[in-house]
Amino acid sequence: MYDVVLLTLGSERDAPGGCGSGGACCGGATEAATDPTTQTDSGQASQAQTSGDTERCATERPRVPVLACSDALIARGARVEMVTARSDAEIDAVLARLDGPARPDGLTWPDLDGKTRLVVATASDGQLRAVLRRLVRRYAPAPSRRPADLPGNRTLPDLPPVAVLPLDPARGGTHRDLAAQLGLPRDPAAVAAAVVDGTARRLDLLRNDGGSVTLDGALLGAADEAGQPLHWRARVEVDDTILTNGDEPLLACVVGNAGGYATLDDVVLLTAPDPADGQIEVAVAVPVLVRSALGRKRVRLEVRRARGRAVSVLPREGKVPYLDDGVEGELTRKRSWWIEPGAWAVWSI
C-alpha cells in the first residue's frame, strides 16, 4: 500500500501560467526577484505585486480532477492526502516525505524505494517546473560536498518520480503541454493507475546558472504589437559549436529538451527533440539577405542547429525576452543551460 500526496499549487485557478509563471508560488518571491538575470523596472518586485499574488493565490477547495484522482487512488488501496502549497516552504514540507535514510556524509538524499508517492496537479508546465526546481534545490549537493556515488555526468542524484495530473484537458490538444508530449495519462483514473501500478520513466533535466530548471525548453525572442518578430543579437554556443557570434541579427533562439518550442509559426526550429537522449537541441533563426537569379533582394530565414551537453546565450545589447516552460522572463546577461541525463522521472502506464 502506498501513501500518496496529491499536491496542488495554490495559484489562481484560471491563470494561464499559474504558480511559477512570473515566478510566484503563492507567498514566495517572484522570478524577477529571485533570478539574478532578471528584474523589474524598479530593480525589485513591488510590494503591491507581492500582495496581489498572495490574494490571487487563495484556493478554497480542490478542483474536480484532484478529487476524482483521490477517489481512484483510494479505490486502488492507497492512503491519500491532498495538500495545497502556497509557498516554497510548503512545497518543501511535502518533498521532505520523499527523503531517504540518513547518509554517513550527512547529505539529504531521495528514497527511490519509498512507499510515498507524489502526484502534482498542474495547470501549466510552469507549475510542474516549480516543484522540480524545489526537488533540485533539496537534493543537489554543493560542489564541495560531491559524493563518490554521484554519476560523473550529473550534479544531482536520481530525483523521485512524480505523477502529473493535468488540470487543463485542452492543453493536450492543439497547444500541447509537456504531459501531452510525453504521452502521459490525463484522465484522473488513469493517472491513479500509473501511480499505483505504473513504471518510472526517466527523463533528462536542464539546469541553468540562474538557479532554475527547464523541463521542456526555452524560446528567446520577442515580437512587436503587430506580431512581427524583433531583431536582437547574442552569442550562442553549443559545446564547441558557435551558432552565431553576436554580430548578426536573430529572430529567435530555442533551447530544447522536449518539443514544446520545436516550431515557430510555420518555421521548424527543432528537428528531433528527445527528452531522454541526454542532449540539448538548440536552434537559432537568422534572417539572411539573398539575391534571386534576376538580381532581386529578398530575406531568407536561415535556421542553424546544434546538439550537445551545454549551451550558453550571451546577449549583446539590451534585454532579451524569453519563455522558459511557459514562464516569462528577460535575459540581461549570459545564461547557460546544461543537461542532467535521466535526472527526473514520471510515473507512466
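Please read all numbers here as calculations on a predicted model, not as lab measurements.

A. Local environment of the environment of isoleucine 91. Relative to the helices and strands, isoleucine 91 resides in helix H4 (residues 88-95). By relative accessible area, which is 0% here, isoleucine 91 ends up buried. Isoleucine 91 sits 82 residues away from leucine 9 along the chain, and the two C-alpha atoms are 8.2 Å apart.

B. Spatial organisation of the pattern of salt bridges. In the structure shown here, the tally under the stated rule is 20 salt bridges. Through salt bridges that share partners, Glu248, Arg300, Glu302 and Arg304 make up one connected network.

C. Structural context of the nonpolar core. One finds Leu118, Leu128, Leu159, Leu205 and Trp344 to be the most contacted residues of the largest nonpolar core, which totals 34 residues. With seven residues, the single largest contributor to this core is helix H5 (residues 125-139). If we ignore the near neighbours within four places in the chain, the residues touching leucine 205 are Val136, Leu156, Leu159, Val213, Thr214, Leu215, Asn257, Trp338, Ile339, Glu340, Ala343 and Trp344. Within the second largest apolar cluster, 23 residues are counted, among which are Ala234, Leu243, Val311 and Ile339.

D. Highlighting the pairing of strand E17 (residues 327-331). Side chains Val327, Gly329 and Leu331 project from E17 onto a buried face, and the interleaved Glu328 and Glu330 project onto a face without burial. Note: strand E16 (residues 320-324) against E17, five bridges, orientation antiparallel. Following the sheet pairing, proline 321 is matched in E17 by glutamate 330. What sits between the antiparallel neighbours E16 and E17 is a turn of two residues, in which aspartate 325 has the positive phi angle 55 degrees.

E. Fine view of the packing of helix H3 (residues 64-75) against helix H7 (residues 188-197). It is at 8 Å that the axes of H3 and H7 come closest, and there the two elements cross at 45 degrees. Classified by the angle between their axes, H3 and H7 sit oblique to one another. Pair H3 / H7 crosses with right-handed handedness. Facing H3, whose interface residues are Pro65, Ala68, Cys69, Ala72 and Leu73, H7 presents Pro188, Ala189, Val191, Ala192, Val195 and Val196. Its residues assigned to classes, the contact of H3 with H7 comprises 11 nonpolar, no polar and no charged.

Criteria and cut-off values
- Residues numbered from 1 in each chain as written.
- Predicted model: local features only at pLDDT ≥ 70, side-chain atom pairs only at ≥ 80, totals over all residues.
- Heavy atoms only, no water.
- Helix = DSSP H or I, 4+ residues; strand = E, 2+ residues; numbered from the N terminus.
- Buried < 20%, exposed > 50% of the residue type's maximum accessible area, 1.4 Å probe, protein only.
- Salt bridge = Lys/Arg side-chain N within 4 Å of Asp/Glu carboxyl O.
- Core = buried A, V, L, I, M, F, W, Y, C linked by side-chain atoms within 4.5 Å.
- Contact = heavy atoms within 4.5 Å.
- Pairing = 2+ DSSP bridges.
- Axes fitted to C-alpha atoms, helices over the stretch in contact; angles between N-to-C directions.
- Parallel < 35°, antiparallel > 145°, perpendicular 65-115°, else oblique.
- Left-handed = near helix turned anticlockwise from the far one by under 90°.
- Nonpolar A, V, L, I, M, F, W, Y, C, P; charged D, E, K, R; others polar.

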